[in-house]
Amino acid sequence: MSKDWIVLLQQKNQLEKVIETNKTTEQFGLVLSEQDAKLILEERKDTLQKQKRVEFGEGIVPKIIYEFCDSNYIDQNNYADTIIRLQEIFYLYKNEMQDEITDDELLHLMKEQFELICFGDLDYLEGTCLANFAQAIRAGYDGYKNSDGYGEYSKFDEVERWDYELYLETLKELWG
């Protein structure tokens, strides 16, 4: 009986922490209902089991919410679903990177790629950006430790990117 009581208290505290993020996220037009928060936490539990991970304390969900709440690619319509998917990706890559990278480093890396490389495409984030980076970490790369996860992906990006400044200059020449 006491185990059940402890679990219920932990779940209540986690729910309160997730709902509390609304105080920050509402300025970006993002608010989780209690039902959304419960769904996110239920999916968290399923993902932890699937990835064979254990988590103590409030968990990673509030950190994900705070990291991504100002994203250009998240709005109220896709907010809860995006948080669910981001936590799935997070736990998958904590395993893939063999826990070599801290939570904050991984979150910074995920957010930067989500915004600047993936343009909100979660499949590209999971299947390309983080897969490439995880491969580098498994091969022994540790340069991310000096940058807290910022500005790292370009060292492993296999896709040649277009030059934004050159693009603007060409547009001006064509239309200007």
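My aim in this report is to walk through the structure given alongside it, one point at a time. (Residues numbered from 1 in each chain as written. Predicted model: local features only at pLDDT ≥ 70, side-chain atom pairs only at ≥ 80, totals over all residues. Heavy atoms only, no water.)

**Details of helix 6 (residues 103-116)**
Next, step 1: The terminal C-alpha atoms of helix 6, which comprises 14 residues, lie 20 Å apart, in line with the 20 Å expected from a rise of 1.5 Å per residue.
Next, step 2: By the criterion of burial, helix 6 is predominantly enclosed, with 11 of the 14 residues buried.
Next, step 3: Those residues of helix 6 that fall on the buried side of the exposure criterion are Glu105, Leu106, Leu107, His108, Leu109, Met110, Lys111, Glu112, Gln113, Phe114 and Glu115.
Next, step 4: Taken together, the buried residues of helix 6 touch helix 4 (61-68), helix 5 (79-96) and helix 7 (122-138). (Helix = DSSP H or I, 4+ residues; strand = E, 2+ residues; numbered from the N terminus. Expected span 1.5 Å × (residues − 1). Buried < 20%, exposed > 50% of the residue type's maximum accessible area, 1.4 Å probe, protein only. Contact = heavy atoms within 4.5 Å.)

**Regarding the packing of aromatic side chains**
Next, step 1: A full pass over the atoms with the stated rule returns five aromatic pairs.
Next, step 2: Ring geometry for tyrosine 73 against phenylalanine 114: centres 6.1 Å apart, planes inclined by 90°, an arrangement best described as edge-to-face. Linking tyrosine 73 in the loop between helix 4 and helix 5 with phenylalanine 114 in helix 6, this pair joins segments that are 41 residues apart in sequence.
Next, step 3: Residue class for tyrosine 73 comes out partly exposed when judged on its relative accessible area of 30%.
Next, step 4: Ring centres of tyrosine 73 and phenylalanine 119 lie 6.4 Å apart, and the angle between their planes is 80°; on these two criteria the pair is classed as edge-to-face. With tyrosine 73 in the loop between helix 4 and helix 5 and phenylalanine 119 in the loop between helix 6 and helix 7, this residue pair connects regions lying 46 residues apart in the sequence.
Next, step 5: Chaining the aromatic ring pairs together yields one cluster made of Phe68, Tyr73, Phe114 and Phe119. (Phe/Tyr/Trp six-rings, centres within 6.5 Å; stacked < 30°, edge-to-face > 60°.)

**Considering the side chain of threonine 47**
Next, step 1: Within the fold, threonine 47 resides in helix 3 (residues 34-50).
Next, step 2: Here threonine 47 is in contact with Gln87, Glu88 and Tyr91, once residues within four sequence places are set aside.

**Some thoughts on unusual backbone geometry**
Next, step 1: The phi angle at glutamine 98 is positive, at roughly 55°, despite the residue not being glycine.
Next, step 2: Summarising the element assignment, glutamine 98 is placed in the loop between helix 5 and helix 6.
Next, step 3: Even without being glycine, aspartate 99 reaches a positive phi, approximately 55°.
Next, step 4: Within the fold, aspartate 99 resides in the loop between helix 5 and helix 6.

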